[in-house]
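Descriptive analysis of the structure
What follows is the residue order along each chain.
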Amino acid sequence: MLTTVDSRTEFGSPETFSVAYVKGPWLAVRSTALGNRRLGWVRARRVQLLNRTLTLEVDLSRRELIVRDPGVERRISVAIGAPDTPTPPGTFYVTDKLRGAEFGSYYGCCILALSGRQPNLPQGWSGGDRLAIHGSPTPTWGLAVSNGCLHAEEDDLHYLMRTVPLGTAVRIHA
């Protein structure tokens, strides 16, 4: 299948990819257009490559997001998906950094949209299928209560918005 992508995401940010690996002149990339587990191929010479040392890891069993950068590690308690709408594991990346108020008070101050999609949404849900790290109107950190997104405290979200660049890898595992 051959496809093109716009220069901007559906939320208006510059389009980014996450490189899974390199094979000769080709890059295997993750993209929101491909779903959670598929990779696309891009010629390396056609894109600008940026090296990201910062990574995010989400340990679902500990309900914890770990920010790793050389010499820095910060652990953030997060809410995860409820049993009927579990947060899907996988390797994703940050596609957008958004003001929560523009999407509704229930998202808190800030949203870091991820490339992953939630395949287990509840019937009647109209909020879209994209995974994200965002706030919550009530303290939920450490609980399994969301529709798959990760909820964090406002101070932690402000830190993530300042620190995490677009394209940052996010590995979610049990």
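Starting afresh in each chain, residues are numbered from 1 along the sequence in its written order. Thresholds applied to this predicted model are a pLDDT of at least 70 for local features of residues and 80 or more for the giving and counting of side-chain atom pairs; totals over whole chains, interfaces and linings are not thresholded and use all residues. Values reported for side chains reflect all heavy atoms of the structure, with hydrogen atoms and water molecules removed beforehand.

1. So, the sheet that holds strand β9 (residues 110–117)
Definition in use: In this analysis, strands are considered paired if DSSP registers two or more bridges between them. Note on conventions: DSSP H or I runs of at least 4 residues are helices, E runs of at least 2 residues are strands, and numbering of each starts at the N terminus.
Pairing in this open sheet of 8 strands is mixed, and the strands run β6-β5-β4-β13-β8-β9-β10-β12 from one edge to the other. Pairing within the sheet leaves two strands with one partner each, and these edge strands are β6 (72–77) and β12 (150–151). Across 4 bridges, strand β4 (residues 55–59) lies against strand β13 (residues 169–173) in parallel orientation. Bridged to D59 within β13 is H173.

2. Let's talk about the sheet that holds strand β3 (residues 40–43)
As a reminder, the rule being used: Orientation is described by lines fitted to C-alpha atoms, with helices fitted over the stretch in contact, and by angles between N-to-C directions that extend from 0 to 180 degrees.
Pairing within the open sheet is antiparallel, and its 3 strands lie in the order β1-β2-β3. Edge positions in the sheet fall to β1 (18–23) and β3, since each has one partner strand and no second. Taking the axes of each pair of neighbouring strands and ignoring which way they run, one obtains an average angle of 35° across the sheet. Relative to strand β2 (residues 26–30), β1 runs antiparallel, the two sharing 5 bridges. Residue pairing across strands places S18 opposite R30, the latter belonging to β2.

3. Points about the environment of R162
For clarity, the threshold we go by: Any residue under 20% of the maximum accessible area for its type is buried, any over 50% is exposed, and the rest in between are partly exposed; the area is computed with a 1.4 Å probe on protein chains only.
Checked against the element boundaries, R162 lands in helix α1 (residues 154–163). Given the relative accessible area of 62%, R162 is considered exposed. C-alpha separation for the pair R162 and K97, spaced 65 residues apart in sequence, amounts to 9.7 Å.

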